[in-house]
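Listed below are the residues making up each chain.
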Amino acid sequence: MPDPTFKIDGATVLSKSGTTVSVDSGVKFPAGHVIQTVVNSTSTATSISGTSQGSGTSTGLSATITPKSQTNKFLINYVGALIMDTAAAPAVSIEIHDGTSVVAYDPQWGWQMNSDGNEVDNKYKYPFMAYITPSSSSAITYTVRAWKRQPQGVTFQVDNTVSIISIQEIQQ
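Rules used in this analysis
- Residues numbered from 1 in each chain as written.
- Predicted model: local features only at pLDDT ≥ 70, side-chain atom pairs only at ≥ 80, totals over all residues.
- Heavy atoms only, no water.
- Phe/Tyr/Trp six-rings, centres within 6.5 Å; stacked < 30°, edge-to-face > 60°.
- Helix = DSSP H or I, 4+ residues; strand = E, 2+ residues; numbered from the N terminus.
- Buried < 20%, exposed > 50% of the residue type's maximum accessible area, 1.4 Å probe, protein only.
- Pairing = 2+ DSSP bridges.
- Axes fitted to C-alpha atoms, helices over the stretch in contact; angles between N-to-C directions.
- Contact = heavy atoms within 4.5 Å.
- Salt bridge = Lys/Arg side-chain N within 4 Å of Asp/Glu carboxyl O.

Enquirer: Go over the packing of aromatic side chains, please, and point to the residues and values.
Expert: Counted according to the given criterion, the structure contains four aromatic pairs. Aromatic side chains tyrosine 78 and tyrosine 126 sit 6.4 Å apart centroid to centroid with 65° between the ring planes, which places their arrangement in the edge-to-face category. Of this pair, tyrosine 78 sits in strand β7 (residues 73-84) while tyrosine 126 sits in strand β11 (residues 123-132), and the two are 48 residues apart along the sequence. Plain terms: the ring middles of tryptophan 109 and tryptophan 147 are 6.3 Å apart, the flat faces sit at 45° to each other, and that makes the pair tilted. With tryptophan 109 in the loop between β9 (102-105) and β10 (111-112) and tryptophan 147 in strand β12 (residues 140-148), the pair connects residues that are 38 residues apart, well separated along the chain. Residue classification places tryptophan 109 among the partly exposed residues on the basis of a relative accessible area of 28%.

Shown next, in the form of structure tokens:
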């Protein structure tokens, strides 16, 4: 028996090959529908040396996604694990870089501790979310970068803690 195909007005909507059912690439989903999701994580410790927005140090975490349509949007969710060394009022912030430019960032210090410098070995989670338009219809690698206020040391993924990024393409 041949594999079935579902058509509307002669246009293929669904097709089946073996046990796999596929939605045709010409099918348009309603606005707000999640088209695809990519997720990546790392637990490799990475020390941050960057000290200014736009020239952050890679945290070692990136994700690659190819948009189905350049008119759609990407919802980027990130949660980073980090530790800051003892310093008066330590601070760190992140930016998302697409290989060409920074596409999202915290305009102020994303994580700042109002302290007198006697805090030691405190670990933190850094949540960040951005809603952006893809810069290309080709594969795009988004890298999480960070910069710090001098002179404190900042390390992401210390002691095998996990940082994670997810990118969802949202139909417009």
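Enquirer: Quick one: what's the story with the sheet that holds strand β1 (residues 5-8), residue by residue and with numbers?
Expert: In spatial order, the strands read β1-β2-β3; together these three strands make up an open sheet with antiparallel pairing. If you trace the sheet from one side to the other, it starts and ends with β1 and β3 (20-23), each paired once. For this sheet, the mean angle separating the axes of adjacent strands, direction not counted, is 10°.

Enquirer: Report on the environment of serine 69, specifying residues and quantitative values.
Expert: Checked against the element boundaries, serine 69 lands in the loop between β6 (57-65) and β7. Between the alpha carbons of serine 69 and lysine 28 there is a distance of 10 Å; along the sequence they are 41 residues apart. Excluding its chain neighbours within four sequence positions, the residues that come into contact with serine 69 are Pro134 and Glu169.

Enquirer: Go over unusual backbone geometry, please, and point to the residues and values.
Expert: Phi at aspartate 159 takes a positive value of approximately 55°, unusual for a residue other than glycine. As for its position among the elements, aspartate 159 is in the loop between β13 (154-156) and β14 (163-170). Non-glycine residue asparagine 160 carries a positive phi angle of around 65°. Within the element layout of this structure, asparagine 160 appears in the loop between β13 and β14.

Enquirer: Requested: an account of the pattern of salt bridges, with residues and values cited.
Expert: By the definition in use, this model includes two salt bridges. For glutamate 95, the salt bridge is made with arginine 145, and the minimal N-O distance between the two is 2.8 Å. Taken together, the residues glutamate 95 in strand β8 (residues 91-97) and arginine 145 in strand β12 connect sequence positions 50 residues apart. Taking the shortest distance from any N to any O, the salt bridge between aspartate 159 and lysine 123 comes out at 2.9 Å. With aspartate 159 in the loop between β13 and β14 and lysine 123 in strand β11, the pair connects residues that are 36 residues apart, well separated along the chain. By relative accessible area, aspartate 159 is classed as exposed at 56%.

Everything listed here is a matter of geometry and, on its own, says nothing about what the molecule does.
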